[in-house]
Structure formats: structure tokens, C-alpha cells
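Summary of structural features
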Amino acid sequence: MSIKAALLSKEQGCKYILAALEKYKPWKTEGHLSIGEDANSLSTDDYEFSFSLSMESVPAFIFFEQNYINECNVVVVDDAKNISSLMGNSHGMEYFISDESLSFLISVNWYVIEYTGDIDLSK
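Parameters at a glance
Residues numbered from 1 in each chain as written. Predicted model: local features only at pLDDT ≥ 70, side-chain atom pairs only at ≥ 80, totals over all residues. Heavy atoms only, no water. Helix = DSSP H or I, 4+ residues; strand = E, 2+ residues; numbered from the N terminus. Rg over C-alpha atoms; globule rule 2.2 N^0.38 Å. Buried < 20%, exposed > 50% of the residue type's maximum accessible area, 1.4 Å probe, protein only. Areas by Shrake-Rupley, 256 points an atom, 1.4 Å probe, with all protein chains shown as cover. Lys, Arg positive; Asp, Glu negative; His and termini not counted. Charge placed at Lys NZ, Arg CZ, Asp CG, Glu CD. Salt bridge = Lys/Arg side-chain N within 4 Å of Asp/Glu carboxyl O. Pairing = 2+ DSSP bridges. Disulfide = S-S within 2.5 Å. Phe/Tyr/Trp six-rings, centres within 6.5 Å; stacked < 30°, edge-to-face > 60°. Axes fitted to C-alpha atoms, helices over the stretch in contact; angles between N-to-C directions. Contact = heavy atoms within 4.5 Å.

1. Things to note about the overall build of the chain
Per the secondary structure count, the chain includes three helices and seven strands. Computed over the C-alpha atoms, the radius of gyration of the chain is 13 Å, within 12% of the 14 Å expected from 2.2 N^0.38 for a compact globule of 123 residues. A principal-axis box enclosing the C-alpha atoms of the chain has dimensions of 35 × 35 × 25 Å. Expressed as a percentage of its 123 residues, the buried residues of the chain come to 46%. When the accessible surface of the chain is split by element, carbon and sulfur atoms take 52% of a total near 6,700 Å². On the chain, the mean spot of the 8 positive side-chain charges and the mean spot of the 19 negative ones are 6 Å from each other.

2. Let's talk about the pattern of salt bridges
Considering all chains together, one arrives at one salt bridge under this definition. With a shortest N-O distance of 3.3 Å, Lys-15 and Glu-11 are connected by a salt bridge. Residue Lys-15 and its partner Glu-11 are located together in helix α1 (residues 10–24), separated by four residues, close to a single helical turn. The class of Lys-15 is exposed, set by a relative accessible area of 56%.

3. Digging into unusual backbone geometry
Not every positive phi belongs to a glycine, and Lys-25 is a case in point at roughly 45°. Considering the arrangement of structural elements, one finds Lys-25 in the loop between α1 and β2 (40–43).

4. Section: the pairing of strand β7 (residues 112–117)
As defined by bridge partners, β2 adjoins β7 across four bridges and the pair is classed as antiparallel. Opposite Asn-40, over in β7, you have Tyr-115 as the bridge partner. Note: strand β6 (residues 104–108) against β7, five bridges, orientation antiparallel. The residue of β7 that forms the bridge with Ser-107 is Glu-114.

5. Looking at the state of the cysteines
In this structure the tally under the stated criterion is one disulfide. What pairs with Cys-14 in a disulfide is Cys-72, and their sulfur atoms sit 1.7 Å apart. Residues Cys-14 and Cys-72 are joined by a disulfide whose S-S torsion is about 95°; by sign, that bridge is right-handed. You can see Cys-14 sitting in helix α1 and its partner Cys-72 sitting in the loop between β3 (60–64) and β4 (74–77), a full 58 residues away along the chain.

6. What to know about the packing of aromatic side chains
Scanning the model with the defined rule gives four aromatic pairs in all. Ring centres of Tyr-16 and Phe-63 lie 6.3 Å apart, and the angle between their planes is 80°; on these two criteria the pair is classed as edge-to-face. Pair noted here: Tyr-16 is in helix α1 and Phe-63 is in strand β3, with a separation of 47 residues, a long-range link. The class for Phe-63 is buried, based on a relative accessible area of 0%. A connected cluster of aromatic rings, assembled from ring pairs, spans Tyr-16, Phe-61, Phe-63 and Phe-96.

7. Description of the sheet that holds β7
Taken together, the seven strands give an open sheet; going across it, the order is β1-β4-β3-β5-β6-β7-β2, and neighbouring strands pair in antiparallel fashion. Both edges of this open sheet fall to β1 (5–7) and β2, since each of them pairs with a single strand only. Direction aside, the axes of adjacent strands within the sheet are offset by 20° on average. In this sheet, β4 lies alongside β1 in antiparallel orientation, the contact comprising three bridges. The partner of Ala-6 across the bridge, within β4, is Val-76. Sitting on the sheet, α1 is in contact with β3, β4, β5 (95–98), β6 and β7, with an inclination near 85° to β3.

As C-alpha cells, then:
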């Protein structure tokens, strides 16, 4: 797919995820991931395979539900616009997305794509 990605070290991943969770305080970090009532939203059915096209071409940090399997795992994708096509091969997977400076948070679950912070996916 010619998408460049890398995995942060466990130490870096733990620090990054902790900072994201402390800043945005999402309602659910396991199960059906959710940011909460103040987030904007899009239907996963309608936008799962296209929402990232409205993002800037900057590195994106992806992390998954924080259970014992995925704890502290952060994947850095070189271009945020590629996330929909990359994750399209993993239909039904739930995950969070942000950038290096944590200027926004996106959660993708089976039903809804929620987003908050300095991002607008409605374009």
C-alpha cells in the first residue's frame, strides 16, 4: 500500500497515550471507544473509509483500546490522509487518532467517528 508506519517504543507509547487520555478524558477506552457528549460525530457506516481524507498530511498517531493486549501500543502513520485506506483492511477495529502535539482526538468505533479539538472532519 506504500504507507509508511512505525511503532513507538512501549515507554514512548505509554507516555503518549497517558497524555492523550489526561487531556481529552474520553468516556470509554475499552469496548466501544468514545470521547463523550461534547464531541462532534460522523457515522462510521458512511465515513469509515473516507474521513481521513479531510485531515492534514501530517503524521498521525493511532492507538487502540487499552486492555492487556494493546496497552501502550502506538502506531505512527506518516500521512494522516492514509488512515482510512489503511484501516479499511481491518473493518470493525476500534481506535483513537491524534497528532504529535495532541491538538485533537478522534475515536472510531463500530457506530460513530467522534472528534474533538483542533480538527474538523465534516469538510
